[in-house]
Amino acid sequence: MFNTLGEDNGHDVVSIKGAQSYPSESVLDLLTIYVQGGGQNRITIPVVLEALVNPAKDLVPEETIISRGVSSEEKNEQNDFMMTSSQDSAVAAALAELDQGFTEWLTVAEFSTGTNEKVLEPKDRLLKFEGEKITSLEQLKEELNSRGAEPAILTVGRPDKHGVYSDVDVTVNTKEAENGERQLGVFLGNEYEFPIDVSFGLENVGGPSAGMMFALAIIDRLTEGSLAGDHHIAGTGEISADGKVGPIGGIAQKMVAAKNAGATVFLAPSDNCAEAIGRIPAGLDVIKVATLSEARQALEKIAAGEDPATFTTCE
């Protein structure tokens with residue numbers, strides 16, 4: 001358990017520069033779980049037997065946690081990358097929720113095929129498609145599909161060795177995927193330019209599941225008062241830049257940890273509710289949320305004195 005409004009090893013879990021930051025009496029805990037086994041780490045028979053009778057533990061196929069051929073070290077690197085990406089998405093989602101502007105680009109992360117490997121480069125920012133500004137991944141997909149098999153002019157922002165970007169027009173081709181959609185043959189990422197500098201001082205925690213709680217902490221810090229009053233709240237959920245809350249793993253373990261740490265309310269992704277039913281600890285109100293706005297509104301209502309048991313829950 002880590003209070004996103006508190007400290008970890010003497011460092012603020014969330015700190016903000018470039019904007020007024022306000023104190024809060026709320027406790028907004030994120031949770032992380034430990035995985036035993038997988039990769040080069042084998043579990044013993046006693047551990048398996050104990051997990052079979054311990055309601056706070058689950059046994060799952062190794063492949064659901066670590067894909068075949070992936071080492072434990074590679075999995076840790078993946079988790080670190082997902083945590084960093086989750087933090088960027090949390091900042092974006094929080095600023096969008098507060099109607100504060102920022103700049104976002106779709107970028108080339110790496111290549112999935114050789115379709116455009118000779119004309120595109122990693123770190124290219126996708127700016128325009130046939131002269132039309134690219135505003136979202138969905139819009140780009142529509143443009144690619146409407147163009148069909150015809151080559152198209154893609155304007156990208158490309159950095160030089162000093163990191164200075166300039167616009168470059170390249171001719172790209174697409175190939176049809178199994179689902180019928182046209183694809184550039186690249187994996188896309190997101191790059192942001194924020195008006196504030198948000199730092200995260202949390203160590204030895206990976207994965208994307210802290211995203212929603214990070215976003216709520218940023219909202220709390222950037223607004224006067226305490227988002228959840230003086231209540232102890234815990235929660236989990238992946239966050240997208242547009243504020244959608246996605247499902248995570250280990251919901252049962254996280255609810256137990258929240259209750260043991262003194263939380264009275266738990267914010268759970270709506271897509272995890274089916275897994276949570278029947279395993280909710282007594283005395284813990286588990287509120288179902290699908291978006292950051294829903295989570296924020298729930299905390300504001302709790303701060304105003306409303307009973308969380310009357311909210312939409314996973315029960």
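Check the entry above for the structure.
None of the values given here were measured: they were computed from a predicted structure.

Conventions we followed
Residues numbered from 1 in each chain as written. Predicted model: local features only at pLDDT ≥ 70, side-chain atom pairs only at ≥ 80, totals over all residues. Heavy atoms only, no water. Helix = DSSP H or I, 4+ residues; strand = E, 2+ residues; numbered from the N terminus. Contact = heavy atoms within 4.5 Å. Salt bridge = Lys/Arg side-chain N within 4 Å of Asp/Glu carboxyl O. Buried < 20%, exposed > 50% of the residue type's maximum accessible area, 1.4 Å probe, protein only. Axes fitted to C-alpha atoms, helices over the stretch in contact; angles between N-to-C directions. Parallel < 35°, antiparallel > 145°, perpendicular 65-115°, else oblique. Left-handed = near helix turned anticlockwise from the far one by under 90°. Nonpolar A, V, L, I, M, F, W, Y, C, P; charged D, E, K, R; others polar. Phe/Tyr/Trp six-rings, centres within 6.5 Å; stacked < 30°, edge-to-face > 60°. Lys NZ or Arg CZ within 6 Å of the ring centre and 35° of its normal.

J.: Give a description of the side chain of Asn272 that names residues and reports values.
T.: Along the polypeptide, Asn272 turns up in the loop between β18 (265–269) and α6 (273–276). Residue contacts for Asn272: discarding those within four places in its chain leaves Pro247, Ile248 and Ile251.

J.: Requested: an account of the pattern of salt bridges, with residues and values cited.
T.: If the charged atoms of two oppositely charged side chains come close together, the side chains can form a pair. Under the criterion given, the structure shown has nine salt bridges. Ionic pairing is found between Glu191 and Arg125, a salt bridge with its closest N-O pair at 2.7 Å. Of this pair, Glu191 sits in strand β13 (residues 186–193) while Arg125 is found in strand β7 (residues 125–129), placing the two residues 66 residues apart along the sequence. A relative accessible area of 23% places Glu191 in the partly exposed class. For Arg125, a relative accessible area of 12% translates into the label buried. Across the pair Glu130 and Arg147 runs a salt bridge, and its minimum N-O distance is 3.7 Å. Remark: Arg147 occurs in helix α3 (residues 137–147) and Glu130 occurs in the loop between β7 and β8 (132–133); sequence separation between them is 17 residues. Overlapping salt bridges, with partners in common, bring together Glu97, Arg296 and Glu300 in one network.

J.: Break down the packing of helix α4 (residues 211–222) against helix α7 (residues 292–303) for me, with residues and values.
T.: Put simply, α4 and α7 touch, their axes get as near as 11 Å, and they point 55 degrees apart. Classed by the angle they form, the pair α4 and α7 counts as oblique. Crossing hand, α4 versus α7: right-handed. Where α4 approaches α7, its residues Met212, Ala215, Leu216 and Ile219 are matched on the opposing element by Leu292, Ala295, Arg296 and Leu299. Among the residues forming the contact of α4 with α7, the class breakdown is seven nonpolar, no polar and one charged.

J.: Describe in detail the packing of aromatic side chains, supporting the description with residues and values.
T.: Applying the stated criterion to the full structure yields four aromatic pairs. The ring of Phe311 has Lys301 sitting right over it, with the charged end atom 5.9 Å from the ring centre.

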